[in-house]
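# Coordinate analysis (summary)
Below are the chains, spelled out letter by letter.
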Amino acid sequence: MRTIATIEARMRSTRLPGKVLLPILGRPMLELMIERLDRVRGLDGIVIATSEDPSCQPIAELAARLGVGCHRGSEDDVLTRVLEAARTMRAERIVQTTGDCPLVDPATVEAVLALHDQGRGDFCANMLTRELAPLPPGQEPFPARRSYPVGLDVRVFRLADLEEVARLSADPVDHEHVSNYFWEHPARFRLANLDGGLPEWARELRLTVDTNDDFSLISRIFEELYPAKPDFSLADVLDFLARRPELADLNRHVVQKGVR
């Protein structure tokens, strides 16, 4: 299948406006994320799904400079925006990501893609939990806690399945949170979760950017690892934070916003 990574990115984030273009090592955070996604084996392209709002013009200009796809659509109907973006790239399969996760790990993306290639699920991810996605009777439940840190989320599904979700649901929550419908309807779509066997302390890390404190941590990680090894891995990040555990306290207090 033609596989495209979509990146949801806009400038009017509620807690940290303009976060996707904040500079790390003199480059926009979103540019560093695209560089990491570009290392994923099995991807046929990358497209930024951004908003029609005039504030997002710098995102479109960054995409043009980097030579990646860009589609501008609804500010609030993110599901439709992602669908339209994927269609412009002739996608058959989507790797869904968000622009506030610059530490996206190529090896983890490849592992989730492998789950999908093996037919393990219609919706394959690495962030499903028992509470988030209670499976129908007779199926093995997911773990009680996340398998990967917040910010390392990967979701893989067919374009046709997302088109079906768009037809089935008019719920604003489903249209704001693109893949929400999949895990809330496990009887319709088969779900599979990747468990990377990470230690408990690593699973509890917060490696996304939603506040200034989040950005401080992510900046420290890039500043430490990128100059010597631009293709640093999740293992490198965990090794660094194991040596500097006090850095995880920078954003430990930040509460992740719920879907509902």
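Keep in mind it's a predicted model, so treat the numbers as computed, not measured.

## Regarding unusual backbone geometry
Not every positive phi belongs to a glycine, and L25 is a case in point at roughly 55 degrees. Inspection of the secondary structure puts L25 in the loop between β2 (23-24) and β3 (27-28). Classification of L25 by relative accessible area gives partly exposed; the value is 40%. The phi angle at R90 is positive, at roughly 55 degrees, despite the residue not being glycine. Under the relative-accessibility criterion, R90 is labelled exposed at 59%.

## Description of the layout of surface pockets
Approximately 1,500 Å³ is the volume attributed to the largest pocket. Lining the largest pocket are 48 residues, with D100, H177, Q256, K257 and V259 sitting closest to its centre. At the level of elements, α3 (78-88), β6 (93-98), α6 (172-176) and α7 (180-184) are the ones that each hand at least two residues to the lining of the largest pocket.

## Concerning α3
The complete set of buried residues in α3 reads V78, L79, R81, V82, L83, A85 and A86. Residues of α3 that are buried in the fold lie against β1 (3-8), β4 (45-51), β5 (69-73), β6, α5 (159-168) and α6. Where α3 terminates, the next one or two residues include R90, which has phi positive at roughly 55 degrees.

## Thoughts on the pattern of salt bridges
Summed over all chains, the structure comprises 25 salt bridges. Linking R10 and E75 is a salt bridge whose minimum nitrogen-to-oxygen distance equals 2.5 Å. Highlighted residues: R10 in the loop between β1 and β2 and E75 in the loop between β5 and α3, separated in sequence by 65 residues. Of the charged contacts, one joins R190 and D122 as a salt bridge, the two residues approaching to 3.3 Å between their closest N and O atoms. Of the two residues, R190 is situated in the loop between α7 and β9 (191-193) and D122 in the loop between α4 (106-117) and β7 (123-125); the sequence distance between them amounts to 68 residues. The structure contains a network of salt bridges with shared partners spanning R27, E31, E35, R39 and R65.

## Some details on the packing of aromatic side chains
The final tally for this structure, using the stated rule, is eight aromatic pairs. For the pair F123 and F182, a centre-to-centre distance of 5.0 Å together with 20 degrees between the ring planes defines the contact as stacked. Pair noted here: F123 is in strand β7 and F182 is in helix α7, with a separation of 59 residues, a long-range link. As far as the burial class goes, F123 and F182 line up, both buried. Both rings, one in F222 and one in F232, keep their centres 5.3 Å apart while their planes meet at 75 degrees; by these two values the pair is edge-to-face. One end of the pair, F222, is in helix α9 (residues 212-225); the other, F232, is in the loop between α9 and α10 (234-243), and 10 residues separate them in sequence. By way of ring pairs, the aromatic residues F123, F157, Y181, F182, W183 and F189 are connected into one cluster. One Lys or Arg, R36, reaches over the ring of F232 and ends 4.4 Å from the middle of that ring.

Thresholds applied
Residues numbered from 1 in each chain as written. Predicted model: local features only at pLDDT ≥ 70, side-chain atom pairs only at ≥ 80, totals over all residues. Heavy atoms only, no water. Helix = DSSP H or I, 4+ residues; strand = E, 2+ residues; numbered from the N terminus. Buried < 20%, exposed > 50% of the residue type's maximum accessible area, 1.4 Å probe, protein only. 1 Å grid on protein atoms, 1.4 Å probe; cavity = no way out; pocket = protein on both sides within 12 Å on 5 of 7 lines; lining within 4 Å. Points joined across faces, edges and corners; volume = space filled by probe spheres on them. Contact = heavy atoms within 4.5 Å. Salt bridge = Lys/Arg side-chain N within 4 Å of Asp/Glu carboxyl O. Phe/Tyr/Trp six-rings, centres within 6.5 Å; stacked < 30°, edge-to-face > 60°. Lys NZ or Arg CZ within 6 Å of the ring centre and 35° of its normal.

These results come straight from atomic positions and should not be treated as a statement about function.
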